[in-house]
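Single-letter residue listing:
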Amino acid sequence: MITIDQVSRHFGGIRAVDDCSFNIQAGSITGLIGPNGAGKTTLFGMLAGFIKPTAGRILLDGRNVAGFAPHRLFHLGLVRTFQIPHEFAEMTTLENLMVVPPRQAGERVGQAWVRWGRVRDQERAVRARAEEVLAFLNLTAVRDERAGRLSGGQKKLLELGRTMMTDARVVLLDEPGAGVNRTLLAEITRAIQALNVKRGYTFCIIEHDMDMIAELCHPVVVMAQGRVLASGSMTEIRKDPRVVEAYLGGMIDPEPASGGAAS
Amino acid sequence: MDGGVGLLNYGIFLATLIGIYGIVTLGLNVQWGYTGMFNLGIGAFFAVGAYITAIATSDPSPSHLGGFGLPTVAGVILAMIGTGLLGLAICLVTITLRTDYLAIATIGIAEIVRLGLKNEGWLTAGVRGIAGIPRPVEGLVPGFDALTYLGVVLAALLLVYLAIERLYRAPWGRVLRAIRENELAAQAAGKNVVQFRIEAFVIGSMAMGLGGALYAHFVTFISPEAFRSEFATFLVWVMLIAGGSGNNRGAVVGAVLIWVIWSGTELITGRLPEDWVTRAGALRVLMIGVLLQVILLTRRQGVLPERPPRPIDE
Ligand SMILES: Nc1ncnc2c1ncn2[C@@H]1O[C@H](COP(=O)(O)OP(=O)(O)O)[C@@H](O)[C@H]1O
Ligand SMILES: [Mg+2]
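1. Here we look at the overall build of chain B
Here is step 1 of the chain: A count of helical and extended segments in chain B gives 12 helices and 0 strands.
Here is step 2 of the chain: Reading the secondary structure of chain B in the N-to-C direction produces α-α-α-α-α-α-α-α-α-α-α-α.
Here is step 3 of the chain: Against the 2.2 N^0.38 benchmark of 20 Å for 314 residues, chain B shows a C-alpha radius of gyration of 20 Å, consistent with a compact globule.
Here is step 4 of the chain: A burial count over chain B gives 51% of its 314 residues as buried.
Here is step 5 of the chain: Taking all contacts inside chain B whose residues are at least 6 apart in sequence as the whole, residues at least 24 apart take part in 75%.

What follows is the structure, given as C-alpha cells:
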C-alpha cells in the first residue's frame, strides 16, 4: 500500500532519515522501532506530508505522493497522530473530534449562509459519530471538558480518536503507548486491533513498548541512525545481532522490562 | 459633518459612526478573533472601500476617475469586492511566509494606500478629495434623512453580525478556532489551513470595505485628510480588544463603548488651556490607551469574553 523508496531527510548536517526503504502492506499492522533519534518520527512526518523529503519517493497505491500537503494526504486516507499529543486545548473533547470529518457542508462559507438546514443535519450526524468514538475510547465522561485539561493518557486516546473520525485507510501512530498506564495501554491495543479487523485500517506504529509491538505488529521494521537495520517478525528481530547491538549501544533495551522507559 | 444642532442630531451622528465602526470591528474579529490574523492596515481597507464607492457612484468629474454615477448599492458591492480582492492579494503575497509577516504586509499596504490617495490625482483627485457622494436615502422620509441613513447603517450592522455569527457557529468557525489553537493538529485533521485563513481574511476585509463605503455615503465628501488611517486602525483594535476578541457581540459593544468615550475625550480636551491644544490629539489617544489598560486589568478578555458557540443541531 505504501512504498518508501530510498527516502532521505537531512537537517543541516544531521541525516535524520538516510536512504530508507521498506513497505507497509495493506491490512498489516507494521511496527516501527529503534532507539531515540533513529529518525522514526521524521519518517512519519514525511509520510504524512509535514516534512518534505530531501530525496526519495513515497508511493501510495503506486503514486508518488512525496511532498504532498498534509490535507491532501488526509483526503487520500492517510492519517497520523503525534508523539506529543496535539489537541485543540480550548475546545471540548467532543469538538476536538467533531472538527475532523472532511467535506462538512458547514465548512463552506456559502453553504453555511444559504443551506443552514443541510449544515444542521450533517452536524447531527457528525456529533453522533463523535459520541460513538468517545464511547469506544471510554472518554464519554470528559466529553465536555476542555481538551487541554485531559490527562496525558486521555490525550493519547484523543489522538487515536481523531483517526477514527474519518474513513482512513492508513493510520500512522507515533508512540501511542508512551506515558500511558497499563490498563489504558491494553485498551489502546484492543482499539487498534478492532480498527484493523473491523474497519480494515492499515497501521504503522512507532512504539517503545516491546510487549505492545510483539502483540500487535507484523512485520516489525527496525531503524537506527536514519536507516533500516532489519525487518521481520518480532521473534526474528529479537535474535538479530545487529538489532541487539544497536539497542545495547543505543538508549533502550528491546526486552520488555525496560521498554517503556524511553520516549 | 452635518452640523449637530441639537443633542438628538448629535446622537444620530454618533450612532451612525458607531454602526460603521461596529461593522469594521466585526471584520477584524473574523481576522483576529476567529483566526489570529494580524491586520495593521484596517484604515487602508476602510479608505479603499470609501474611495471605490465614491468613484463608482458620484457624478462624472474631471478631477478624478469617473465618477460613474452608479446606484449606491452597486457602489457598496463594488467596494466590498474591491477590498475583498485587496485582502486576497495580501494573503497571496504573504502565503508562504509566516503569519507575523502578514502584519508587516498590512502596514505596507496601509502606507501604499495612503500615498496612493494623495498622489494618484487622476484616480482620487489627490488632496482635494471627492465631493458629491450621494446619500442613498435622501428624501425618502422628508426631514429625517440622517435618521433614515442611521437605519440603513444599523440594518447593515445587523446583517453583517448575523452573517459572521452564523459562520462562527458553523463548522467553518470551528475549523478556524482549531487552526488558531493548533495549526499542526488542524493539518493532521485534514484541513487546508491556508485556504481557511484566506477566507477569513477576505471576509474580514470585505466588512472593512463595507464600513468604508457606508462612511463615504454618510459624510458625502472624502479626502486623504479625512482618513487618519493609523488612527482608525488603532481605534478598531481597541474596540475589539476592549469589547472581547472572538465575541461578535463584544465587538459591537466595544465599538459603542470606545466611540462614546472617544467622543467624550474631545469634550475634555476642548476645555484644556490653550498651550495644550496642539497636544490634544495625542492626549486623547493616551486616554484611550489608559482606558484599555483598565479594562484589560479588570477583564482580561474584554467586556464580553469569547465563548464556545452553542451547538447548532439541538
Ligand atoms: N526539525 C528538526 N531540525 C533538526 N534536527 C531534527 C529535526 N527533527 C528531527 N531532528 C533530528 O533528527 C534525528 C531523528 O529524530 P526523530 O525522527 O525525532 O527520531 P525518533 O522519532 O526516531 O526518536 C534526531 O537526531 C533529531 O535531533
Ligand atoms: Mg519520535
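2. Notes on the overall build of chain A
Here is step 1 of the chain: Scanning chain A from terminus to terminus reveals 10 helices and 10 strands.
Here is step 2 of the chain: Relative to a compact globule of 263 residues, whose C-alpha radius of gyration would be 18 Å, chain A shows 19 Å and is just as compact.
Here is step 3 of the chain: The dimensions of chain A, computed from C-alpha atoms along their principal axes, are 65 × 40 × 35 Å.
Here is step 4 of the chain: Expressed as a percentage of its 263 residues, the buried residues of chain A come to 56%.
Here is step 5 of the chain: For chain A, long-range pairs separated by at least 24 residues make up 67% of all intrachain contacts whose partners lie at least 6 apart in sequence.
Here is step 6 of the chain: Carbon and sulfur atoms make up 50% of the accessible area of chain A, which totals about 11000 Å².
Here is step 7 of the chain: Charged side chains in chain A number 31 positive and 28 negative. The centres of these two groups are separated by 7 Å.

3. With respect to the coordination of the magnesium ion (ligand 2)
All names here are of chain A.
Here is step 1 of the chain: The coordination sphere of the magnesium ion (ligand 2), as far as protein atoms go, consists of T41 (OG1) and Q83 (OE1), spread over 2.0 to 2.3 Å. A residue pair is termed long-range when its members are at least 10 positions apart, and T41 in helix α1 (residues 40-47) and Q83 in the loop between β6 (78-80) and α3 (93-98) qualify at 42 residues.
Here is step 2 of the chain: T41 gets classed as partly exposed once you look at its relative accessible area, which sits at 32%.

4. Description of the sheet that holds strand β9 (residues 220-224) of chain A
All names here are of chain A.
Here is step 1 of the chain: Taken in spatial order, the 6 strands of this open sheet run β6-β7-β8-β3-β9-β10, and their pairing is mixed. Every interior strand has two partners, whereas the edge strands, β6 and β10 (227-232), have only one. Averaged over neighbouring strand pairs, the angle between their axes works out to 20° when direction is ignored.
Here is step 2 of the chain: Relative to strand β7 (residues 170-174), β6 runs parallel, the two being bridged by 3 bridges. By the bridge assignment, R80 is partnered in β7 with L172.

5. Some words on the site of ligand 1
All names here are of chain A.
Here is step 1 of the chain: By nearness alone, every residue bordering ligand 1 is listed as F11, A16, N36, G37, A38, G39, K40, T41 and T42.
Here is step 2 of the chain: Between A38 and ligand 1, the recorded distance is 3.2 Å, taken from a backbone N or O atom to an oxygen atom.
Here is step 3 of the chain: One of the side-chain nitrogen or oxygen atoms of T42 is found 2.5 Å away from an oxygen atom of ligand 1.
Here is step 4 of the chain: Coverage of ligand 1 by the protein chains reaches 60% of its 550 Å² of free accessible surface.
Here is step 5 of the chain: Each residue belonging to the shell around ligand 1 can be placed in one class, and the counts come to 3 nonpolar, 5 polar and 1 charged.

6. Considerations on the interface of chain A and chain B
Here is step 1 of the chain: On the side of chain B, 29 residues touch chain A, which itself brings 33 residues to the contact.
Here is step 2 of the chain: Across the interface of chain A and chain B, roughly 2900 Å² is buried in total on both sides, 62% from carbon and sulfur atoms.
Here is step 3 of the chain: A per-residue breakdown of the area chain A buries against chain B is headed by E107(A), W113(A) and W116(A), which together make up 21% of the total.
Here is step 4 of the chain: Linking chain A with chain B are 3 salt bridges.
Here is step 5 of the chain: Between E95(A) and R177(B) there is a salt bridge, and its shortest N-O distance comes to 2.6 Å.
Here is step 6 of the chain: Our count for the chain A to chain B interface comes out at 15 residue pairs in polar contact (both at pLDDT 80 or more).
Here is step 7 of the chain: By residue number, the principal contributor to the side of chain A that touches chain B is helix α5 (residues 116-136) of chain A, which donates 6 residues.
Here is step 8 of the chain: Partitioning the side of chain A that touches chain B into residue classes produces 18 nonpolar, 5 polar and 10 charged.

7. Comments concerning the nonpolar core
Here is step 1 of the chain: Counting 144 residues, the largest nonpolar core has I192(A), F203(A), W172(B), I222(B) and W259(B) as the members making the most contacts within it.
Here is step 2 of the chain: Sort the elements by how many residues they give to this core and helix α9 (residues 193-219) of chain B lands first, with 15 residues.
Here is step 3 of the chain: Looking at which domains feed residues into this core, each of domain 1 (2-87 + 168-248) and domain 2 (93-149) of chain A supplies at least three.
Here is step 4 of the chain: When sequence neighbours within four positions are dropped, the list of residues in contact with I192(A) reads I29(A), L173(A), F203(A), I205(A), M212(A) and L216(A).
Here is step 5 of the chain: By size, the runner-up hydrophobic cluster in this structure holds 26 residues, among which are I4(A), I58(A), C204(A) and M223(A).

Rules of the game
Residues numbered from 1 in each chain as written. Chains lettered and ligands numbered in written order. Predicted model: local features only at pLDDT ≥ 70, side-chain atom pairs only at ≥ 80, totals over all residues. Heavy atoms only, no water. Helix = DSSP H or I, 4+ residues; strand = E, 2+ residues; numbered from the N terminus. Rg over C-alpha atoms; globule rule 2.2 N^0.38 Å. Buried < 20%, exposed > 50% of the residue type's maximum accessible area, 1.4 Å probe, protein only. Contact = heavy atoms within 4.5 Å. Areas by Shrake-Rupley, 256 points an atom, 1.4 Å probe, with all protein chains shown as cover. Lys, Arg positive; Asp, Glu negative; His and termini not counted. Charge placed at Lys NZ, Arg CZ, Asp CG, Glu CD. Donors = N, O, S within 2.8 Å, 3.2 Å for Na, K, Ca; no water. Pairing = 2+ DSSP bridges. Axes fitted to C-alpha atoms, helices over the stretch in contact; angles between N-to-C directions. Near = heavy atom within 4 Å. Polar contact = N/O pair within 3.5 Å; in protein donor to acceptor, adjacent residues only side chain to side chain. Nonpolar A, V, L, I, M, F, W, Y, C, P; charged D, E, K, R; others polar. Buried area = accessible area lost by both parts, 1.4 Å probe. Salt bridge = Lys/Arg side-chain N within 4 Å of Asp/Glu carboxyl O. Core = buried A, V, L, I, M, F, W, Y, C linked by side-chain atoms within 4.5 Å. Domains from an automatic or database assignment.

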